[in-house]
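Residues per chain are reported as follows:
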Amino acid sequence: MGPTIVRHCNTPTWGSRCLSVRRQREREREREREKPTSSPHVPGEASLAAPFSSSIFEISCVPLLLKEGQGALENGMAVFRFTAMYSIIQYLSVIVLVRYNSLLGDFQYLFEDLVMVLLFDFALGYTRPARTLSAKRPIGSLLHPFILYSFILQTGVAVAFILLAMYLVQQQPYYDPFGQERRDAAQNDEQYVPLYETTANFVMSCCQYMICALVFSIGHPHRRAVYTNIPMIIATLSALFILALVVFLPADMVPKLEFADIQSNEFKLGIFGLAAANLVVAYGIEYSYRLITPLRNLLRYLRCKKGYKNKFKYLIDDLNGGNWPEDEIKGYCDC
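Throughout what follows, the structure given in this document is the object of discussion.

What counts, and at which threshold
Residues numbered from 1 in each chain as written. Predicted model: local features only at pLDDT ≥ 70, side-chain atom pairs only at ≥ 80, totals over all residues. Heavy atoms only, no water. Helix = DSSP H or I, 4+ residues; strand = E, 2+ residues; numbered from the N terminus. Contact = heavy atoms within 4.5 Å. Areas by Shrake-Rupley, 256 points an atom, 1.4 Å probe, with all protein chains shown as cover. Phe/Tyr/Trp six-rings, centres within 6.5 Å; stacked < 30°, edge-to-face > 60°. Buried < 20%, exposed > 50% of the residue type's maximum accessible area, 1.4 Å probe, protein only. Core = buried A, V, L, I, M, F, W, Y, C linked by side-chain atoms within 4.5 Å. Axes fitted to C-alpha atoms, helices over the stretch in contact; angles between N-to-C directions. Parallel < 35°, antiparallel > 145°, perpendicular 65-115°, else oblique. Nonpolar A, V, L, I, M, F, W, Y, C, P; charged D, E, K, R; others polar. Polar contact = N/O pair within 3.5 Å; in protein donor to acceptor, adjacent residues only side chain to side chain. Salt bridge = Lys/Arg side-chain N within 4 Å of Asp/Glu carboxyl O. Left-handed = near helix turned anticlockwise from the far one by under 90°. Patch = residues over 30% accessible without salt bridge, like charges linked within 9 Å, V, L, I, M, F, W, Y side chains within 5 Å. Expected span 1.5 Å × (residues − 1).

## Regarding the overall build of the chain
Item 1. Within the chain, the regular secondary structure consists of 11 helices and zero strands.
Item 2. Order of helices (α) and strands (β) in the chain, N terminus to C terminus: α-α-α-α-α-α-α-α-α-α-α.
Item 3. For the chain, restricting intrachain contacts to residue pairs at least 6 apart in sequence, the fraction spanning at least 24 positions comes to 78%.
Item 4. Counting every atom, the chain has about 22,000 Å² of accessible surface; 62% of that belongs to carbon and sulfur.

This is the structure:
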């Protein structure tokens, strides 16, 4: 008789091992099913493929990525346009004041930079992208005909309203056309003379900065409307409140701004009325090249663009222009 093989009860057999491995695999599958469908992005992953690193094997995130990209490009362009327009308006307003042998005061420059410009520089970029993806490509150049058209007309309108405000202040009964304040300041060796023209110029220029920020916040078709940008609304109301406060207060209560004592509150309200009219005209200019098709075609013609920038558009023209693929087949055979 052969040797007797003794099996202990706690020794696993081959079948029990297979069963334990099977149960372990089933538990791992259940854990995989209980995991969330989308995994977070890997830290430090910064590439074009980063938004696609997901356990969901589909491209549903592509429209969201494109909408965010279009909105970011429009926000960046709006900030650049506002900064450039602010510099142009300030430069031209100072040139206008040189004719009256005057300039803006130091604290007036500081007020414009901190209150009027800095608030809108931060608020302009908070406009959210549009809810629907647009087929139109955002403007990517500051030298685009649409941008130049807007710059030229907005600058002309801004200078016209500043000159109109200065002309209206000269028609007030308390205006001194012979420059008595200039003579008194020269006798007292004062470096700065608060003139009525300077005050009207300063107030109208500050209104121009708010108008440019609101006009350049037009979002269609890549961004949402300006009233959805809460920081922009807060910045506009804050700047308007501060400006109205320093304008309607007596000049001796804000001596740092060196305002001339404009005695008529009706004229002060009239300056804000001019600013409202300027806002309407500025919106009309900005919407003109967006909605008027003949104007858009004229600006594109003046651009003198000789061909497409993207080569795939030539292929699209070839496919839409001819009887493809019959034309290509005839080129290879005599059928």
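## Things to note about the packing of aromatic side chains
Item 1. Considering all chains together, one arrives at eight aromatic pairs under this definition.
Item 2. Their ring planes at 75° and their centres at 5.2 Å tell us that tyrosine 86 and tyrosine 209 sit as a pair that is edge-to-face. Within this pair, whereas tyrosine 86 is found in helix H2 (residues 61-98), its partner tyrosine 209 is found in helix H6 (residues 196-215), the two being separated by 123 residues in sequence. Both residues of the pair, tyrosine 86 and tyrosine 209, belong to the buried class.
Item 3. These aromatic residues form a ring-pair network of at least three members: Phe111, Phe202 and Phe259.

## Re the nonpolar core
Item 1. Grouped together as the largest cluster of nonpolar side chains are 68 residues, with contacts concentrated most on Phe111, Met116 and Leu243.
Item 2. For this core, the secondary-structure elements that each account for two or more residues are H2, helix H3 (106-123), helix H4 (145-170), H6, helix H7 (230-248), helix H8 (265-291) and helix H9 (293-302).
Item 3. Counting residues per element, this core draws most heavily on H6, which supplies 14 residues.
Item 4. What phenylalanine 111 contacts, discounting residues up to four positions off in sequence, is Met116, Phe202, Cys206, Ile242, Leu243, Val246 and Leu257.

## Here's the deal with the packing of H4 against H9
Packed helices, taken two at a time, are described by their axes: the angle between them and the distance between them.
Item 1. Following both chains from N to C, one finds H4 and H9 inclined at 110°, their axes separated by 9 Å at the closest point. The angle between the axes of H4 and H9 places the two elements in the roughly perpendicular class. Taken together, the residues of H9 that come into contact with H4 (itself represented by Pro145, Phe146 and Tyr149) are Leu295, Arg296, Leu299 and Arg300.
Item 2. For the contact of H4 with H9, a count of residues per class yields five nonpolar, no polar and two charged.

## Observations regarding the side chain of serine 134
Item 1. The residue serine 134 is located in the loop between H3 and H4 in this model.
Item 2. Reaching out from serine 134, the side chain makes a polar contact with the backbone nitrogen of lysine 136 at a distance of 3.2 Å.
Item 3. With near-sequence residues (within four places) excluded, serine 134 lies in contact with Gln70, Pro221 and His222.

## Notes on the side chain of histidine 144
Item 1. Looking at where histidine 144 falls in the secondary structure, it is placed in the loop between H3 and H4.
Item 2. Residue classification places histidine 144 among the buried residues on the basis of a relative accessible area of 15%.
Item 3. Among all residues touching histidine 144, those that are not within four sequence positions of it are Ile139 and Arg303.

## A short note on the pattern of salt bridges
Item 1. For the coordinates displayed, the defined rule picks out two salt bridges.
Item 2. Salt-bridge contacts for glutamate 286 lead to arginine 81; the nearest nitrogen and oxygen are separated by 2.8 Å. With glutamate 286 in helix H8 and arginine 81 in helix H2, this pair connects stretches of sequence that are 205 residues apart.
Item 3. The exposure class of glutamate 286 is buried, given its relative accessible area of 0%.
Item 4. Across the pair glutamate 286 and arginine 290 runs a salt bridge whose closest N-O atoms are separated by 3.7 Å. Here the residue glutamate 286 and the residue arginine 290 both occupy positions in helix H8, the gap between them amounting to four residues, near one helical turn.
Item 5. Through salt bridges that share partners, Arg81, Glu286 and Arg290 make up one connected network.

## Structural notes on the packing of H3 against H7
Item 1. Close contact between H3 and H7 brings their axes to 8 Å; oriented N to C, the two are set at 165°. Here H7 runs roughly antiparallel to H3, going by the angle between their axes. The hand of the H3/H7 crossing is left-handed. In contact with Phe111, Val115, Met116, Leu119, Phe120 and Ala123 of H3, H7 contributes Pro231, Met232, Ala235, Thr236, Ala239, Ile242, Leu243 and Val246.

## Remarks on a nonpolar patch on the surface
Item 1. Taken together, Phe107, Leu110, Leu114, Leu118 and Phe122 make up a surface patch of nonpolar side chains, about 490 Å² in accessible area.
Item 2. With respect to the element layout, leucine 114 can be found in helix H3.

## What about the environment of leucine 269?
Item 1. For leucine 269, the location among the structural elements is in helix H8.
Item 2. Judged by its relative accessible area of 53%, leucine 269 falls in the exposed class.
Item 3. Spatially, the C-alpha atoms of leucine 269 and alanine 244 are 9.3 Å apart, while their sequence positions differ by 25 residues.

## Here's the deal with H8
Each full turn of the α-helix corresponds to 3.6 residues, which orients residues three or four apart in the same direction.
Item 1. Taking 1.5 Å of rise per residue, 27 residues should cover 39 Å, and H8 covers 39 Å from first to last C-alpha, within 8% of that figure.
Item 2. Listing the buried residues of H8 in full gives Phe267, Lys268, Ile271, Phe272, Leu274, Ala275, Asn278, Ala282, Ile285, Glu286, Ser288 and Tyr289.

From the geometry alone we can't say anything about function, so treat these as descriptive.
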